[in-house]
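# Notes for the structure review
One-letter residues, chain by chain:
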Amino acid sequence: MNRPKMVNFKDPETVRDYPMGATCDSDHLTSINAGWRTFRPVIDQEKCIKCMRCFLVCPDGVIDKSGDQLEIDYDFCKGCGVCAHECKPKAINMVKEAING
Ligand code: SF4
Ligand code: SF4
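Residues numbered from 1 in each chain as written. Chains lettered and ligands numbered in written order. Predicted model: local features only at pLDDT ≥ 70, side-chain atom pairs only at ≥ 80, totals over all residues. Heavy atoms only, no water.

- As recorded in an unreviewed UniProt entry, the protein chain goes by 4Fe-4S binding protein and comes from Fusibacter bizertensis.

### What about the site of ligand 1?
- In the neighbourhood of ligand 1, the contacting residues comprise C48, I49, K50, C51, M52, R53, C54, L70, C87, P89 and I92.
- Grouping the amino acids of the shell around ligand 1 by side-chain chemistry returns nine nonpolar, no polar and two charged. (Near = heavy atom within 4 Å. Nonpolar A, V, L, I, M, F, W, Y, C, P; charged D, E, K, R; others polar.)

### Notes on the packing of aromatic side chains
- Taken as a whole and assessed by the stated rule, the structure comprises zero aromatic pairs.
- The cationic tip of R40 hangs over the ring face of Y74; the distance from NZ or CZ to the ring centre is 4.1 Å.
- One residue, K65, lies across the ring of F55, its end atom 5.1 Å from the ring centre. (Phe/Tyr/Trp six-rings, centres within 6.5 Å; stacked < 30°, edge-to-face > 60°. Lys NZ or Arg CZ within 6 Å of the ring centre and 35° of its normal.)

### So, the confidence of the model for the protein chain
- Across the protein chain, pLDDT averages 82, with 75% of residues at or above 70.
- A low-confidence stretch, residues 23–27 (pLDDT under 50), is modelled with 14 contacts involving residues beyond four sequence positions or located in other chains. (pLDDT = per-residue confidence, 0-100. Contact = heavy atoms within 4.5 Å.)

Take a look at the structure:
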């Protein structure tokens, strides 16, 4: 799985310089999730219709669409739940993280 691309932060000079959605470089991700996530999104592949809405709305660009099915990079996912909220077929469930991993 490809990791989010990390680049040095540069102050935006025009509106075009602002990152927009997951199709741009995720320049605000500097390290992997430190373990503070309380819920993780889990995709039900049977329900997923591959509309790519979750891919487009994930603020951190951590949903990978390069394979046959969508996969979430849990090293970078912060568990915000935006993907689950926006998934119309309800194919993403937010599951409580186990205390010891
Ligand atoms: S938004 Fe839901 S149905 Fe659409 S691709 Fe993502 S998981 Fe699949
Ligand atoms: S929970 Fe948030 S960070 Fe994780 S995949 Fe969904 S939208 Fe992206």
